[in-house]
Amino acid sequence: MSSPNQTEQDEQYMQLALAAAQEAMKLGEVPVGAIVVLDGVVIATAHNRSRLDHDPTAHAEVLALRAASKAHASSRLDGATLYVSIEPCTMCAGALLQARITRLVFGASEPKTGGIISIAETLMNPANTHQISVTRAVLEQEASSLMSEFFRYRRDT
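Residues numbered from 1 in each chain as written. Predicted model: local features only at pLDDT ≥ 70, side-chain atom pairs only at ≥ 80, totals over all residues. Heavy atoms only, no water.

### Concerning the overall build of the chain
What the chain contains, in helices and strands, is five helices and five strands. Along the chain direction, N to C, the helices and strands of the chain fall in the order α-β-β-α-α-β-α-β-β-α. Relative to its length of 157 residues, the chain is compact, with a C-alpha radius of gyration of 14 Å against a globular reference of 15 Å. Judged by the C-alpha coordinates and their principal axes, the chain covers about 45 × 35 × 30 Å. In the chain, which comprises 157 residues, the share counted as buried stands at 45%. Of all intrachain contacts in the chain linking residues separated by at least 6 positions in sequence, the fraction that spans at least 24 positions is 58%. Carbon and sulfur atoms make up 50% of the accessible area of the chain, which totals about 8100 Å². (Helix = DSSP H or I, 4+ residues; strand = E, 2+ residues; numbered from the N terminus. Rg over C-alpha atoms; globule rule 2.2 N^0.38 Å. Buried < 20%, exposed > 50% of the residue type's maximum accessible area, 1.4 Å probe, protein only. Contact = heavy atoms within 4.5 Å. Areas by Shrake-Rupley, 256 points an atom, 1.4 Å probe, with all protein chains shown as cover.)

The following block contains the structure:
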């Protein structure tokens, strides 16, 4: 269970991830935003860019991990927390394990592609050499609404 201070801090950082997701939506990308926080400092912010970059791996989480690794001058992000608006897919969950993220916080679950709790429990495997703490449903309604709005617009156009 999170403390009141942790919950408040998680919501503040999730607001930044949601702002990044809104930027993605403005660009016609699926609205997913991610930030990496280390020692109380945001060291990376990213949003989906798969369509813009013609790159199927350009998910917000992967881009945020890449930027954070450069900022931290290490591929290991021990002690860092990744905040992401939507439940990461299995590819992104694998990247979190490789980066040695300490904690994942996400907004809404993703029933079609979610690799944390929805279609797979990638991080929950006890055989993983690295364990990641997971907090879910932070500003869940806001994250879910953003995705619904995006896909409703796409269906209508």
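Having put the structure on the table, let's press on.
### Looking at unusual backbone geometry
Residue His-54 is not a glycine yet carries a positive backbone phi of 50°. Mapped onto the fold, His-54 is located in the loop between helix 2 (50-53) and helix 3 (60-72). One non-glycine residue, Ala-137, lies in positive phi territory at about 65°. Assignment of secondary structure puts Ala-137 in the loop between strand 5 (133-135) and helix 5 (140-156).

### Brief notes about helix 4 (residues 90-99)
Restricting attention to buried positions, one finds in helix 4 the residues Cys-92, Ala-93, Leu-96, Leu-97 and Ala-99. Backbone geometry just after helix 4 places Arg-100 at a positive phi near 65°.

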